Amino acid sequence: MSTVDRGRSTLGRGRSTVARGRTPEAPGSQGRPSKTLSSRTRTRLAAGTLLAPFFALFTVAMIVPVGYALWLSLFTEKQSGLGFDGPRTVFDGLGNYATALGDQAFRDGFRVLLGYCALYLPLMIGGAIVLALLLDTALARARRFFQLALFLPHAIPGLIAALIWIYLYTPQLSPVVAAMEAGGIRFDFFSSAGTLPSIVNIALWQWLGYNVVIFYAALQAVDRSLLEAATVDGAGNWRIAFSVKLPLIRSSLVMVLLFTVIGSLQLFTEPLILSRGSGSAVTSTWTPNMYAYSAAFERNDYGLAAAASVLIALVAAVLSFVVTRFANRRKEARP
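Note that the coordinates shown come from a computational prediction; the quantities given were computed from them, not determined experimentally.

A. Main features of the overall build of the protein chain. A tally of helices and strands in the protein chain yields 14 helices and two strands. Burial status across the protein chain gives 32% buried among its 335 residues.

Below you can see the structure in the form of structure tokens.
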């Protein structure tokens with residue numbers, strides 16, 4: 001046997017030995033997926049588990065009521081024949097929406113909201129910013145006291161706050177009115193000219209401290225090295241406040257503005273309580289929300305109330321989009 005043949009024979013015996021040392025694979029094991037989940041799958045499962053309660057609550061508290069309101073707004077009740085059989089619920093399409101938009105009282109409610117926002121928004125946003133800037137520059141001991149003093153009215157429920165202010169607005173009962181009359185100032189808080197400022201005052205008293213806390217928290221997050229650099233460059237307190245601090249809390253300003261606009265469209269508690277006052281100029285349809293409440297619980301027209309509510313929600317959505325769009329454009333235009 002030649003040397004080449006002996007080498008081939010030895011190589012063949014080695015391959016046979018290696019083949020005999022292999023462990024045979026179990027039948028059907030090829031292509032079987034691993035039982036161990038990947039890290040991405042585990043992350044998705046954990047996120048889904050944590051978010052499931054939120055989506056369930058959101059569906060029950062938001063999606064279902066909105067869907068039911070949309071469905072209810074498409075129907076109305078009509079009398080059949082001579083009315084002996086009672087009202088029948090019939091499909092009306094967009095009839096309730098046309099009725100609401102054609103009602104002068106509903107349109108006047110939005111005019112009231114426009115005047116309310118024109119008076120309320122500058123006072124609320126401007127006052128909250130000024131107070132937050134003052135808190136940001138105050139002594140450490142005074143900050144906590146003023147934070148508590150400003151936020152405390154927000155902890156009082158709106159209904160109780162409105163009742164307190166009705167007492168303070170009512171002549172022959174209010175020490176505030178008595179003090180004003182003693183000083184020669186006569187002002188009727190329930191008159192047609194005084195109702196809007198009275199409601200704005202209640203809303204400011206309740207919500208101003210809440211917005212101050214938001215702005216103050218945003219100001220505390222500002223990098224102090226930027227403020228120190230501006231001070232070294234010779235900038236005064238006013239220049240630092242309006243040229244350094246406010247641009248850095250722009251996102252908080254937009255958020256507060258958005259929430260304030262949406263809250264203004266939901267104006268209901270304060271005018272409803274003031275409408276119970278003696279000689280009050282507030283009617284049952286003074287705001288759009290009061291119009292929907294009156295349609296549902298005074299006239300039992302639930303289809304019209306649902307349509308009015310949907311229209312209010314649409315206006316709120318449009319205004320939210322406008323405010324957000326405007327803020328994003330300003331942010332993109334900023335160098």
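B. Spatial organisation of the environment of Leu74. The residue Leu74 is located in the loop between α2 (39-72) and β1 (75-79) in this model. It is 6.7 Å that separates the C-alpha atoms of Leu74 and Gly303, two residues lying 229 residues apart in sequence. What Leu74 contacts, discounting residues up to four positions off in sequence, is Val90, Phe91, Asp92, Gly93, Asn96 and Tyr97.

C. Region of interest: the side chain of Ser294. Secondary-structure assignment places Ser294 in helix α13 (residues 288-297). When sequence neighbours within four positions are dropped, the list of residues in contact with Ser294 reads Ser284, Thr285 and Arg299.

D. Broad picture of the packing of aromatic side chains. This structure, assessed with the given rule, holds 16 aromatic pairs. For the pair Tyr116 and Tyr120, a centre-to-centre distance of 5.0 Å together with 20° between the ring planes defines the contact as stacked. Placement of both Tyr116 and Tyr120 in helix α4 (residues 104-137) is noted, with a separation of four residues, approximately one turn of the helix. A residue is classified by how much of its surface remains accessible, and Tyr120, at 5% relative accessible area, is buried. Centroid distance Trp207 to Tyr210: 5.7 Å. Interplanar angle 90°. Geometry classified as edge-to-face. Highlighted residues: Trp207 and Tyr210, both in helix α8 (residues 195-220), separated by three residues, approximately one helical turn. Among the residues examined, Trp207 registers a relative accessible area of 35% and is labelled partly exposed.

E. Up close: a nonpolar patch on the surface. On the surface, a cluster of nonpolar side chains totalling about 580 Å² of accessible area is made up of Leu51, Phe54, Phe55, Phe58, Met62 and Ile63. Residue placement: Met62 occurs in helix α2. Met62 sits in the partly exposed class, given a relative accessible area of 43%.

F. Fine view of the nonpolar core. By size, the foremost hydrophobic cluster in this structure holds 53 residues, and its most contacted members are Tyr116, Tyr120, Ile129, Phe215, Ile249, Leu274 and Trp286. Listed by contribution, the elements that provide at least two residues to this core are α4, α6 (158-169), α8, α9 (224-232), α10 (237-248), α11 (250-265) and α12 (269-274). In terms of nonpolar packing, the next biggest core, distinct from the first, is built from 14 residues, Ala292, Leu304, Ala307 and Leu311 among them.

G. Focus on the packing of α4 against α8. In contact at an axis separation of 7 Å, α4 and α8 are set at 40° when each is read in the N-to-C sense. In terms of their interaxial angle, α4 and α8 are classed as oblique. For the pair α4 and α8, the crossing hand works out as right-handed. Partitioning the contact of α4 with α8 into residue classes produces 25 nonpolar, four polar and one charged.

H. Structural detail: α2. With 34 residues, α2 should cover 50 Å at 1.5 Å per step; its first-to-last C-alpha distance of 46 Å lies within 8% of that length. At Thr59, α2 is deflected by roughly 40°, the largest bend along its length.

I. The arrangement of the layout of surface pockets in detail. As a volume, the largest pocket reaches approximately 370 Å³. Looking at the largest pocket, it is lined by 18 residues, and the ones nearest its centre are Tyr120, Trp207, Phe259, Gly263 and Ser264. At the level of elements, α4, α8, α11 and α12 are the ones that each hand at least two residues to the lining of the largest pocket. Classifying every residue of the lining of the largest pocket gives nine nonpolar, eight polar and one charged.

J. Up close: the pattern of salt bridges. For the structure shown, the criterion picks out four salt bridges. Residue Arg224 pairs with Asp136 through a salt bridge whose shortest N-O separation is 3.2 Å. Note that Arg224 is positioned in helix α9 and Asp136 in helix α4, a separation of 88 residues in sequence. Assessed through its relative accessible area of 4%, Asp136 is described here as buried.

K. Quick look at the environment of Phe151. Take Phe151: it is sitting in helix α5 (residues 140-155). Overall, the relative accessible area of 33% leaves Phe151 in the partly exposed class. Along the chain, Phe151 and Val213 lie 62 residues apart, while their C-alpha atoms are 7.4 Å from each other. Once residues within four sequence positions are removed from consideration, Phe151 is found in contact with Gly209, Tyr210 and Val213.

L. Looking closely at the side chain of Asn96. Position of Asn96 relative to the elements: it lies in helix α3 (residues 95-102). Judged by its relative accessible area of 3%, Asn96 is buried. Among the polar contacts listed, one links the side chain of Asn96 to the backbone oxygen of Ser73, at a separation of 2.8 Å. Residues contacting Asn96, with those up to four places away along its chain left out, are Leu72, Ser73, Leu74, Phe75, Thr76, Gly303, Leu304 and Ala307.

The rules we used
- Residues numbered from 1 in each chain as written.
- Predicted model: local features only at pLDDT ≥ 70, side-chain atom pairs only at ≥ 80, totals over all residues.
- Heavy atoms only, no water.
- Helix = DSSP H or I, 4+ residues; strand = E, 2+ residues; numbered from the N terminus.
- Buried < 20%, exposed > 50% of the residue type's maximum accessible area, 1.4 Å probe, protein only.
- Contact = heavy atoms within 4.5 Å.
- Phe/Tyr/Trp six-rings, centres within 6.5 Å; stacked < 30°, edge-to-face > 60°.
- Patch = residues over 30% accessible without salt bridge, like charges linked within 9 Å, V, L, I, M, F, W, Y side chains within 5 Å.
- Areas by Shrake-Rupley, 256 points an atom, 1.4 Å probe, with all protein chains shown as cover.
- Salt bridge = Lys/Arg side-chain N within 4 Å of Asp/Glu carboxyl O.
- Core = buried A, V, L, I, M, F, W, Y, C linked by side-chain atoms within 4.5 Å.
- Axes fitted to C-alpha atoms, helices over the stretch in contact; angles between N-to-C directions.
- Parallel < 35°, antiparallel > 145°, perpendicular 65-115°, else oblique.
- Left-handed = near helix turned anticlockwise from the far one by under 90°.
- Nonpolar A, V, L, I, M, F, W, Y, C, P; charged D, E, K, R; others polar.
- Expected span 1.5 Å × (residues − 1).
- Bend = angle between axes of the 7 residues up to and from the residue.
- 1 Å grid on protein atoms, 1.4 Å probe; cavity = no way out; pocket = protein on both sides within 12 Å on 5 of 7 lines; lining within 4 Å.
- Points joined across faces, edges and corners; volume = space filled by probe spheres on them.
- Polar contact = N/O pair within 3.5 Å; in protein donor to acceptor, adjacent residues only side chain to side chain.

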